[in-house]
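Structure assessment
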Amino acid sequence: MTGARVARDLHPLAWWVWAIGLGTAASMTTNPLLLVLVMATAAFVVALRHGDHPWARSFRLYLWLGLGIVVIRVVFRVLLGGSEGGTVLVALPEIPLPDWAAGIRLLGPITTEDILAGLYDGLRLAGIVIAVGAANALANPKRLLKSMPAALYEIGSALVVAVTVLPQLADSVQRVRAARALRGEPASRWGGLRRLVVPVLEDALERSMRLAAGMDARGYGRSGSATAGQRRTTGTLMVVGLLGICVGIYAVLDLTAPRLLAAPMLVAGCLLALAGFVSAGRRVERSRYRPDPWRVAETAVAVCGLVTATVFVWVGRSHPLLMHPGLDEAPAVTVTLLAGILVAGIPAFASPPPQDAVLPREGARR
């Protein structure tokens, strides 16, 4: 066999770094062309590199969620307005509101600017959501939790559970629908939806209980032999460090604040928080069975996401009107931005094919 790439699952952190880069790029612009390209790139990579795991099938839900976000954003913009003047498309009567609701407009003339503003804002939020959905579809959440540093296992557990809610619900929906099909129940749309909610919630609760029991049986979250003084020191370092980070970020964003509270405070806060994380990690004893390797493909995927985010941030600072076009002008895309988006699509070819998606095809050929 020559030239064939070995199928394996990429390190989940690599996919998340790549997706965070895409989400950062989407958050830096309201240009609809760029946002559509970012979402198309995410969908393209997912289409080529998703496996057969249950969470891989959740990407369609994120696409529908993104579409819903755009529609809701436009509807709210039409109902509540937000801009004065512009090209009136439909002249609806404005509903008068009491004095305590001053500043809020209900209905009134629907303008082209209102619809475009809602569309642009909705696309930006949808781009961020779809980037997160791409990471959920590509990265194994269990391996992601296993890869978290010991000091971050509590935060990591909460984050992993939070971002995998939708994939778990998608898996539950498919299993319940398969069970109903086996029983020969009719697949009516709205009536079936009512009978689908309770079994899905029950299935999700049972799986959560099984997961909690499994984690407890494996000693997950067990504290080490740290003394009370060590625990107080760890908590103090983390709290003071996080406060320093908050003050530093505020001073960096507010140019009128003393410069001593900007970068020096931010660096000091990061160092204290890092010391707290290291101290917290010492009281957590965990063993790893077959840890996921970090190879060249993982580095390439992560770098692609970081490059895309860097390009968008750089162009956003140097050409803000390009990233946030006016509502009365056509959006444009430069070669630099297009190249940055194309870099985000490289993981579709630079990453190895997922293992679970290759084995069935090989078995079929035999």
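Criteria and thresholds
- Residues numbered from 1 in each chain as written.
- Predicted model: local features only at pLDDT ≥ 70, side-chain atom pairs only at ≥ 80, totals over all residues.
- Heavy atoms only, no water.
- UniProt positions renumbered as here; feature names shortened; annotations may be inferred.
- Core = buried A, V, L, I, M, F, W, Y, C linked by side-chain atoms within 4.5 Å.
- Buried < 20%, exposed > 50% of the residue type's maximum accessible area, 1.4 Å probe, protein only.
- Helix = DSSP H or I, 4+ residues; strand = E, 2+ residues; numbered from the N terminus.
- Contact = heavy atoms within 4.5 Å.
- Polar contact = N/O pair within 3.5 Å; in protein donor to acceptor, adjacent residues only side chain to side chain.
- pLDDT = per-residue confidence, 0-100.
- Axes fitted to C-alpha atoms, helices over the stretch in contact; angles between N-to-C directions.
- Parallel < 35°, antiparallel > 145°, perpendicular 65-115°, else oblique.
- Nonpolar A, V, L, I, M, F, W, Y, C, P; charged D, E, K, R; others polar.

Under an unreviewed UniProt entry, the chain has the name Energy-coupling factor transporter transmembrane protein EcfT and belongs to Nocardioides mesophilus. Under Subcellular location (unreviewed entry), UniProt gives the following word-for-word description of the chain: "Membrane".

Of all hydrophobic cores here, the largest spans 40 residues; its most connected members are Trp15, Trp18, Leu22, Phe312 and Leu337. Sorting the residues of this core by element identifies α1 (12-27), α2 (32-49), α3 (59-80), α4 (112-138), α11 (296-318), α12 (320-323) and α13 (335-344) as the ones contributing at least two each. Beyond its immediate sequence surroundings of up to four residues, tryptophan 18 is in contact with Ala42, Val45, Ala134, Leu138, Val301, Cys304, Gly305, Ala344 and Pro347.

Right, let's get into the environment of glutamate 329. Counting through the fold element by element, glutamate 329 comes out in the loop between α12 and α13. In this structure glutamate 329 comes out as partly exposed when scored by relative accessible area, which is 41%. There is a polar contact of 3.0 Å between the side chain of glutamate 329 and the backbone nitrogen of glycine 326.

The next point concerns the confidence of the model for the chain. Of the residues in the chain, 80% have a pLDDT of 70 or more, and the chain-wide mean is 80. Predicted confidence is poor over residues 358-366, with pLDDT under 50, and the contacts of this stretch with residues over four places away or in other chains come to three contacts.

Once that is clear, we can look at the packing of α1 against α4. Between α1 and α4, the shortest axis-to-axis distance is 8 Å and the interhelical angle comes to 175°. Relative to α4, the element α1 is oriented roughly antiparallel. Contact residues: Trp15, Trp16, Trp18, Ala19, Leu22, Gly23, Ala26 and Ser27 in α1; Arg124, Gly127, Ile128, Ala131, Val132, Ala134, Ala135, Asn136 and Leu138 in α4. For the contact of α1 with α4, the per-class residue count stands at twelve nonpolar, four polar and one charged.

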